[in-house]
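Reading the structure
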Amino acid sequence: MAGESLTVDHLSVVFQARGGNHAAVRDASFEVGSRRMVGLVGESGSGKTATGLALLGLHDPSTTTIGGSARFGETELLGLPPQAANRLRGSIVGMIFQDPMTALNPLLTIGTQVSETIRIHEGLDRRNARERAIEILARVGLPDPAGRYRRYPHELSGGLRQRAMIAAAIACRPRLLVADEPTTALDLTIQAQILTLLRTLCVDEGMSVLLITHDLGVVGAVCDDVVSMYAGEVVEIGPTKEVLDRPRHPYTARLMASRPRIDGWDERLDVIPGRVPSASSSPTGCLFRPRCRQAREVCEETQELVTLSAGRRVRCIRAVEPDQVSFGAAAVAP
Amino acid sequence: MSTATSTAPPQARPPTGSDDHSGATTRRRAARVLRTAALRGGAFVATLVLATFVAFWLIQLVPGDPATAIAGENATPQRLAEIRAQLGLDEPLLVQYGSWALGALQGDFGTSLYSDLSVTSLLAQRLPVTLSLVACSLTLAIVVGVAAGVIGAVRANRATGKVVTGAATLGIAIPNFWLGLVLVTVFALWNPWFPATGFSRSGDGALEFLRFAVLPTIALGAAGVAEVARQLRGALLEVFTADYIRMARAKGVSGTALLVRHALRNASVPVVTVLGLLINRLVGGTVVVEVVFAIPGMGTLVVDAVKQRDYPVIQAVVLVMAVIVLIANAIVEILYRRIDPRIRSS
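Because the structure is a prediction, the values reported are computed rather than measured.

Basis of the calculations
- Residues numbered from 1 in each chain as written.
- Chains lettered and ligands numbered in written order.
- Predicted model: local features only at pLDDT ≥ 70, side-chain atom pairs only at ≥ 80, totals over all residues.
- Heavy atoms only, no water.
- Contact = heavy atoms within 4.5 Å.
- Buried area = accessible area lost by both parts, 1.4 Å probe.
- Salt bridge = Lys/Arg side-chain N within 4 Å of Asp/Glu carboxyl O.
- Polar contact = N/O pair within 3.5 Å; in protein donor to acceptor, adjacent residues only side chain to side chain.
- Patch = residues over 30% accessible without salt bridge, like charges linked within 9 Å, V, L, I, M, F, W, Y side chains within 5 Å.
- Areas by Shrake-Rupley, 256 points an atom, 1.4 Å probe, with all protein chains shown as cover.
- Helix = DSSP H or I, 4+ residues; strand = E, 2+ residues; numbered from the N terminus.
- Buried < 20%, exposed > 50% of the residue type's maximum accessible area, 1.4 Å probe, protein only.
- Phe/Tyr/Trp six-rings, centres within 6.5 Å; stacked < 30°, edge-to-face > 60°.
- Lys NZ or Arg CZ within 6 Å of the ring centre and 35° of its normal.
- Pairing = 2+ DSSP bridges.
- Axes fitted to C-alpha atoms, helices over the stretch in contact; angles between N-to-C directions.
- pLDDT = per-residue confidence, 0-100.
- Core = buried A, V, L, I, M, F, W, Y, C linked by side-chain atoms within 4.5 Å.
- Domains from an automatic or database assignment.
- Lys, Arg positive; Asp, Glu negative; His and termini not counted.

1. Some details on the interface of chain B and chain A
Facing 20 residues of chain B, the contacting portion of chain A comprises 27 residues. When chain B packs against chain A, close to 2,200 Å² is buried across both sides, 56% of that on carbon and sulfur atoms. Counting the surface chain B buries against chain A, the share from its top three residues, Arg-246, Met-247 and Lys-251 of chain B, is 29%. Applying the counting rule to chain B against chain A returns 2 salt bridges. Salt-bridge contacts for Glu-116 of chain A lead to Lys-251 of chain B; the nearest nitrogen and oxygen are separated by 2.9 Å. Summed over the shared surface of chain B and chain A, the number is 14 residue pairs in polar contact (both at pLDDT 80 or more).

2. What to know about a nonpolar patch on the surface
All names here are of chain B. Nonpolar side chains collect at one region of the surface, where Phe-44, Val-45, Val-49, Ile-327, Ile-331 and Leu-335 lie side by side and expose about 480 Å² of accessible area between them. Broken down by secondary-structure element, the contributors of at least two residues to the nonpolar patch are α1 (2-61) and α12 (311-339). Topologically, Ile-327 is positioned in helix α12. On the accessibility criterion, Ile-327 (42% relative accessible area) is partly exposed.

3. A short note on the packing of aromatic side chains
Applying the stated rule across the entire model yields 9 aromatic pairs over all chains. Summarising the aromatic geometry, the rings of Phe-56 of chain B and Tyr-97 of chain B are spaced 5.5 Å apart at their centres and angled 85° between planes, so their arrangement reads as edge-to-face. Linking Phe-56 of chain B in helix α1 with Tyr-97 of chain B in helix α4 (residues 93-105), this pair joins segments that are 41 residues apart in sequence. On the accessibility criterion, Phe-56 of chain B (8% relative accessible area) is buried. Taken together, the ring pairs in this structure connect Phe-53, Phe-56, Tyr-97 and Trp-100 of chain B into an aromatic cluster. One residue, Arg-130 of chain A, lies across the ring of Tyr-149 of chain A, its end atom 5.1 Å from the ring centre.

4. With respect to the sheet that holds strand β7 (residues 176-180) of chain A
All names here are of chain A. Across the sheet, which stays open at both edges, the 8 strands sit in the order β6-β7-β8-β3-β9-β10-β12-β11 with mixed pairing between neighbours. Looking along the sheet, the strands with just one partner apiece sit at the ends: β6 (93-96) and β11 (306-309). Taking the axes of each pair of neighbouring strands and ignoring which way they run, one obtains an average angle of 20° across the sheet. Pairing of strand β9 (residues 225-230) with strand β10 (residues 233-239) involves 6 bridges; the strand directions are antiparallel. Looking across to β10, one finds that Val-226 is bridged to Gly-238.

5. A word on the pattern of salt bridges
Scanning the model with the defined rule gives 23 salt bridges over all chains in all. The closest approach of N and O atoms between Arg-40 of chain B and Glu-333 of chain B, which form a salt bridge, is 3.5 Å. Of the two residues, Arg-40 of chain B is situated in helix α1 and Glu-333 of chain B in helix α12; the sequence distance between them amounts to 293 residues. On the basis of relative accessible area, Glu-333 of chain B is assigned to the partly exposed category, the value being 30%. Overlapping salt bridges, with partners in common, bring together Arg-139, Arg-173, Asp-204 and Glu-205 of chain A in one network.

6. What to know about the side chain of Asn-86 of chain A
Residue position: Asn-86 of chain A is located in helix α2 (residues 82-88). Here Asn-86 of chain A falls in the buried class, since its relative accessible area comes to 14%. Among the polar contacts made by the side chain of Asn-86 of chain A, one reaches the side chain of Ser-254 of chain B at a distance of 3.1 Å. Each residue touching Asn-86 of chain A, except ones within four places of it in the same chain, is listed here: His-121 of chain A together with Gly-252, Val-253 and Ser-254 of chain B.

7. Let's talk about the confidence of the model for chain B
All names here are of chain B. A residue-level look at chain B finds 93% of positions with pLDDT of 70 or above and a mean pLDDT of 86. Within chain B, the element-level pLDDT minimum falls on α1, averaging 71, and the maximum on helix α9 (residues 243-250), averaging 95. Every residue in residues 1-20 is under pLDDT 50, and counting partners more than four places away or in other chains gives 0 contacts. Model confidence for the complex: the whole-complex pTM is 0.82, and ipTM, which rates the interface, is 0.87.

8. Concerning the pairing of strand β2 (residues 20-32) of chain A
All names here are of chain A. Two elements, strand β1 (residues 6-17) and β2, share 9 bridges in a ladder whose sense is antiparallel. Bridge pairing in β2 places Ala-17 opposite Gly-20. Linking β1 to β2, which pair antiparallel, is a turn of 2 residues; within it Gly-19 sits at a positive phi near 85°.

9. Side note on the nonpolar core
If you look at the biggest cluster of nonpolar residues, it comprises 97 residues, and the most contacted ones within it are Leu-6, Leu-55, Leu-77, Phe-97, Ile-166 and Leu-211 of chain A. The element best represented in this core is helix α7 (residues 158-170) of chain A, accounting for 8 residues. Of the domains in this structure, domain 1 (100-173) and domain 2 (250-263 + 270-332) of chain A are the two that each give at least three residues to this core. For Leu-77 of chain A, the contacting residues outside a window of four places in its chain are Leu-6, Leu-55, Ala-70, Phe-72, Leu-88, Val-93 and Leu-176 of chain A. Among the nonpolar cores identified, the runner-up in size contains 69 residues, and Phe-109, Leu-133, Val-134 and Val-289 of chain B belong to it.

10. Structural notes on the side chain of Arg-126 of chain B
All names here are of chain B. With respect to the element layout, Arg-126 can be found in helix α5 (residues 119-154). One buried charged residue, Arg-126, remains without a salt bridge, the closest side chain of opposite sign being Asp-304 at 5.2 Å. Leave out the neighbours within four places in its chain, and Arg-126 touches Pro-296, Gly-297, Met-298, Thr-300 and Leu-301.

11. Things to note about the sheet that holds β1 of chain A
Residues and elements named next belong to chain A. If you trace the 4 strands from one edge of the open sheet to the other, you get β2-β1-β4-β5, paired in antiparallel fashion. The open sheet has two edge strands, β2 and β5 (75-76), and neither has a second partner. Packed on one face of the sheet, helix α1 (residues 48-55) meets β1, β2 and β4 (64-72) and runs near 110° to β1.

12. Some thoughts on the pairing of strand β3 (residues 37-41) of chain A
Residue and element names in this part refer to chain A. Extensive coverage of β3 is indicated by the burial of 5 of its 5 residues. For β3 and strand β8 (residues 208-213), the ladder comprises 5 bridges, and the chain directions are parallel. Its bridge partner lying in β8, Leu-40 is registered against Ile-212. Here 4 bridges tie β3 to β9, and the two strands are oriented parallel to one another. If you follow Leu-40 over to β9, its bridge partner there is Val-227.

As structure tokens, this is what we get:
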């Protein structure tokens, strides 16, 4: 279990469609350290899922162009020939999805779907794969794993289904797990259970986890680091506590402020005005500028991702100015 | 000692308790199965009664009757009445139907009004011919239709896929009698590769059977091929975008396993519906195709019977066709349950 980490370098994902190209991810660079859990946050359309799918090579190559590189340890994940990509998926890199209702095949038993991964990658026969699958089902906290092995997805509750999906994804102990909104479709108490499970897998199995979410509360609860994306660009990177306590990019700050809080019912929700620019337009300068309260003339120039300290990077002119203000304090001030 | 005696009874009890419990569940399940079977059986019989009665009634509404056909145009009214009485046609409709149904229940479908052959022996001659034709056409529709549907979906954006899809759309629009005539003209008259008419007799051998069966099978089954292909292609294209396909790919599933285990299984549900309807249409379609190819099957039998008002024969054919359709529907139902566990458990 060497210290393998994921290094994403200048990743771009462009969808070709009638009426032009859509850049879903623009020149994104970030790392997921070995055995670390990294939250990839942003609004819908910010390129989070496109990034995750690119790491597993799940985009349709006939309509998608992928650029840059993503290395996990010594292995390049992007641009692999189909067979090599199939070998990697499920064995080195795993992925789980948002809705366990639709991501499990309704016609196959839980057991078939978990042991399938094992049989593909480890060539085990049915009986041995079954034993392993039941172990994995127990590992993800599914009660009565041997009984549930024979059940179909519709016979399980949402939380158990999500556990079953995680079991199918980690059955061959992948070293990197991409979790795309794994708790969004679940209710709150189940959310906490699934997040705890992911955290446990990360720590105990030495799995690196890229957790894609729009929920900063989830990130604060389980992630070591945060990568904040806006309109396909990475705008802020840093350790979770630092980023959440003192966000340095106005977008991350506004994401924090627009979080509904259980203790603040009388407060109006602070929504970010405007919307993520369409991926087909190719604007210049800071992409968040039209929606930013602190926007100035200088923001019309292209902004680079600037390193402030080790592991702390921000794409905003104000972050590098001497008279910097804490957006976190400004935005959340009563 | 005291602890041992106190723990013993609870240890002994659970097995008997669970036995009772599982016995009760088994009985309940058996009762439910019986009730379902009784309901299904009742519906089956009711459908047959309704179909045969309506046929009985409709035929007699048609002007002209067997007595005229037998005695000729110039027969005296007395002679006609005599024949009618002989055939039982002077009795009320319900009584006639009742005596027919009683006979049918005992396997006696009466005698043809013209050939003096028992209807049962006519059916024994004709039914295998029609059934083999329907079976061949259904096989053609499944084998070629599934292959074309898969190609149309997998290569949806390429030339092959588009050609297959275009051909399927065309195939649905072509009427079977027209296709039959074209096939006869091209492959029997211009190029004498296949016989234009007739059908092999039993004992002629497989090759001879195929020689006679090829053209009518294509004429009858082409629309089915197109229908299955179109339906499967549409279902597959939808399934390809499903989350569980992406999940399967994320696990490393690819190629045949992805297509067969994950995509085709899910896409087969709407196709099974189409197959059920297709069997009904094939049974109906044999009437036309058998006439075009002069095949001595149920289709030609019923056409002649209708022309001659041969009531017993018409009735028997209607009954047999209704039974075939009902059996096809039952098979479709069973297939649904086999494919989809959600239907099984509801």
